[in-house]
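The primary structure of each chain is shown beneath.
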Amino acid sequence: MRNRIETFIFRRGKGEKALAKIQTRAEKAYAPLYKDGRTTALDRAEELARQRVEEAAERTEAEFERDEAKVEANFWPKVQRVARQIPFLEDLVAAYYAMRDPDAPLKARAALALGLLYFLWIFDIIPDFLGLIGYADDGTVLTTIILQVGGAITDEHRSKARKALGGE
């Protein structure tokens, strides 16, 4: 199954660079969780993300559109509420734009949608109400999915994200 998924959406290079960048920021922001090595919660979040990528490989266009509609309905209000609490905001917004890009492969878009739905879900491995630390699992899920979809998040998506966040 994993080889099949990698055949569809895994591209080395950009995904690995994005992962390293996100992990560096996350390790600083979530230092208490990394103090004695990576926590079990983050390992579980990474495994969950891999499961989401596997699920995405099986998603139909209709299932993706349903997931995309849920993300569309809830994404920006939550981003506005929590923007100051998450160090991976630009990556999150770039993933959103990649999910909406019809030129990106469906399997990658579906994986990103499932990752963004995890971000929107309030009942997750580390509860979001814990503030900064509460988003460590969300960052881990997103990072793992970005690694898997690699080149599906382009420089154009990142540029749109910076622009949406008031940069550039």
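Our structure's up above, just so we're on the same page.
Read on for a plain summary of the structure. Predicted model only: the values in this text are computed from it and were never measured.

## Here's the deal with the packing of aromatic side chains
Enumeration over the complete set of coordinates arrives at eight aromatic pairs. Judged by centre distance (5.0 Å) and plane angle (80°), the ring pair of phenylalanine 75 and tryptophan 76 falls under edge-to-face. Among the residues examined, phenylalanine 75 registers a relative accessible area of 0% and is labelled buried. Relative accessible area serves as the criterion here: at 26%, tryptophan 76 is assigned to the partly exposed category. Relative to tyrosine 97, the ring of tryptophan 76 has its centre 6.4 Å away and its plane inclined at 55°; by these criteria the two rings are tilted. Of this pair, tryptophan 76 sits in helix H5 (residues 61–82) while tyrosine 97 sits in helix H6 (residues 89–100), and the two are 21 residues apart along the sequence. On the accessibility criterion, tyrosine 97 (16% relative accessible area) is buried. Each residue in the set Phe75, Trp76, Tyr96, Tyr97, Phe119 and Tyr135 is aromatic and connected to the rest through ring pairs, giving one cluster. The ring of phenylalanine 119 is capped by lysine 78, whose NZ or CZ atom sits 4.8 Å from the centre of that ring.

The rules behind each value
- Residues numbered from 1 in each chain as written.
- Predicted model: local features only at pLDDT ≥ 70, side-chain atom pairs only at ≥ 80, totals over all residues.
- Heavy atoms only, no water.
- Phe/Tyr/Trp six-rings, centres within 6.5 Å; stacked < 30°, edge-to-face > 60°.
- Buried < 20%, exposed > 50% of the residue type's maximum accessible area, 1.4 Å probe, protein only.
- Helix = DSSP H or I, 4+ residues; strand = E, 2+ residues; numbered from the N terminus.
- Lys NZ or Arg CZ within 6 Å of the ring centre and 35° of its normal.

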